[in-house]
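Structural features, examined
Each chain, written out:
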Amino acid sequence: MIARILFLIISSLGLLAALGTVLARNLVHAALFLVAFFFCMACQFVLLEVEFLAAIQVLVYIGAVVILILFGVMLTRNIQGDETTSGGWTPRLPGLLAALAVLALLFAGIRHERGLGARPAWTAAAARPDAPGQDLLLNMTPVIGRELMSRYLIAFELTGLLLTIAVVGAIALAYRDLPTEAPPPSAADHDQTEDAPEPAVTGTPR
Amino acid sequence: MTQDIPLTWFLYFAAAAFAIGLFGVMIRRNAVAVLMAIEIMLNAANMNLLAFWRYNPAPAGEGPITGVIFALFVITVAAAEVAVGIGLVLLCYRRLQAADVDRYDRLSG
């Protein structure tokens, strides 16, 4: 009973925060609503008994992704104003209809799901099984560590490679050649293509 | 627990969050705001993964925490994607002097 009430409170707060993110005019407000949404997701993860992922959610999403987004907001201050020229709700109507259509489709799919072969329907899953055993849920972190290093080793290594590529790519994209910022865009195009093969970690401006 | 949360409640919540994120992607004109809405959608998918993992018995050949590992990798890839996305937005802002997605049309015919 208490679990249901908690779930309803956290869900409504999370959905309100998500609505705030997509509707806020001020981008910093939108980022703060996003923080609230991520925190509500972390609470839902605790309700699902994966506290490790709740902690990772707070650390990675709130602690890194939102900070990056705020950097992006601060560094791309619009010179001529953005959302204030969007013209109210009329151009947003098709988007709203499409989102409502997707919502209706998903709700109908969840509600009328029937199960596949020997599996029962989702609506029958009224209570969670004690399935993995209580000791798995209490010892999630060592199990995750062991599984990552044994069963999911390839995915783990590929993810490390992906993160390296992302870091190098982000630096290569946003690298700024300071003394040659002034010239017209065609010259800047030239400079960017020359920069690409060079390692971006030298740090000495030209 | 006397009365547990049904699985479908988690799925409804994830579906609603996904629809809100989709609405944000289509509505917003600022590129960074679009990235924020994409993150909402990714979190909704993660929610689905974990709900299905918790409410189903573990499959025979797989490990005991398949859903958790999947969600962990989704979080990692989403963080990498935001990093590269912000780099792209900064580059486009520098070229076109705006973070408005309607202005990013240099490749269109």
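This structure is a prediction, so every number in the text was calculated from the model and none was measured. (Residues numbered from 1 in each chain as written. Chains lettered and ligands numbered in written order. Predicted model: local features only at pLDDT ≥ 70, side-chain atom pairs only at ≥ 80, totals over all residues. Heavy atoms only, no water.)

1. Observations regarding the interface of chain B and chain A
Stated formally: Contact definition: two residues touch when any of their heavy atoms are within 4.5 Å. Buried surface area refers to the total accessible area, computed with a probe of radius 1.4 Å, that the two partners give up upon joining, counted for both partners together. Whenever a carboxyl oxygen of Asp or Glu lies within 4 Å of a side-chain nitrogen of Lys or Arg, that contact is scored as a salt bridge. Counting from the N terminus, the helices are the DSSP runs of H or I reaching at least four residues and the strands are the DSSP runs of E reaching at least two. Residue polarity follows a fixed list, in which Ala, Val, Leu, Ile, Met, Phe, Trp, Tyr, Cys and Pro are nonpolar, Asp, Glu, Lys and Arg are charged, and the others, Gly among them, are polar.
Contact residues are listed per partner, giving 77 residues for chain B and 91 residues for chain A. For the pair chain B and chain A, the summed buried area comes to about 7,900 Å², and 75% of that belongs to carbon and sulfur atoms. Seen at the junction of chain B and chain A, the total is one salt bridge. For B:Arg54, the salt bridge is made with A:Glu49, and the minimal N-O distance between the two is 2.8 Å. At 24 residues, the largest contribution of residues to the side of chain B that touches chain A is made by helix α3 (residues 66-96) of chain B. In the side of chain B that touches chain A, the residues fall into 54 nonpolar, 14 polar and nine charged.

2. A closer look at helix α1 (residues 2-23) of chain A
Definition in use: Expected helix span is taken as 1.5 Å per residue step, with the number of steps being one fewer than the number of residues. Note on exposure labels: buried denotes an accessible area under 20% of the residue type's maximum, exposed denotes more than 50%, and partly exposed covers the range between, all computed with a 1.4 Å probe on protein chains only.
If you check α1(A), its first and last C-alpha atoms are 32 Å apart, about what 22 residues at 1.5 Å a residue would give, namely 32 Å. For α1(A), the complete set of buried residues consists of A:Ala3, A:Phe7, A:Ile10, A:Ser11, A:Gly14, A:Ala17, A:Ala18, A:Gly20, A:Thr21 and A:Val22. Contacts made by the buried residues of α1(A) are with α2 (27-47) of chain A together with α1 (7-27) and α2 (31-55) of chain B.

3. Comments concerning the confidence of the model for chain B
The condition that has to hold: On a scale of 0 to 100, pLDDT captures the predictor's confidence in every residue.
Predicted confidence across chain B gives a mean pLDDT of 89, with 96% of residues reaching 70 or more. Across chain B, the secondary-structure element scoring lowest on mean pLDDT is α3(B), at 92, and the one scoring highest is α1(B), at 95.

4. Some thoughts on the nonpolar core
To keep it simple, the criterion reads: Nonpolar cores were defined as sets of buried Ala, Val, Leu, Ile, Met, Phe, Trp, Tyr and Cys residues, with membership established by side-chain atoms within 4.5 Å.
Counting residues in hydrophobic clusters, the biggest one holds 74 residues, and the most contacted among them are A:Val50, A:Leu53, B:Phe10, B:Met36, B:Leu50, B:Ile65 and B:Val68. Not counting chain neighbours up to four residues away, the residues in contact with B:Ile65 comprise A:Leu136, A:Met140, A:Val143, A:Ile144, A:Glu147 and B:Trp53.

5. Some remarks on α2(B)
Because each turn of an α-helix spans 3.6 residues, side chains separated by three or four positions end up pointing in the same direction. Inclusion rule: Between N or O atoms, a polar contact is any pair within 3.5 Å; within protein, one atom must be a potential hydrogen donor and the other a potential acceptor, and residues adjacent in sequence are included only when both atoms are from side chains.
The first and last C-alpha atoms of α2(B) sit 37 Å apart over 25 residues, in line with the 36 Å expected at 1.5 Å per residue. Of the residues flanking the start of α2(B), the one acting as N-cap is B:Asn30, its side-chain oxygen 3.0 Å from the backbone nitrogen of B:Val32.

6. Quick look at the packing of aromatic side chains
Any aromatic ring pair is given by two values, namely how distant the centres are and how the planes are angled relative to each other. Heads up, the rule is: Centres within 6.5 Å make a pair out of two Phe, Tyr or Trp rings, where for Trp the six-membered ring is used; the pair is then stacked when the planes are under 30 degrees apart, edge-to-face when over 60, and tilted otherwise.
For the coordinates displayed, the defined rule picks out eight aromatic pairs over all chains. Pairing A:Phe7 with B:Phe10 gives two aromatic rings, centres 4.8 Å apart and planes at 70°, and the pair type is edge-to-face. In this pair, A:Phe7 is assigned in helix α1 and B:Phe10 in helix α1, connecting two distinct chains. Residues A:Phe7 and B:Phe10 agree in their burial class; the two are buried.

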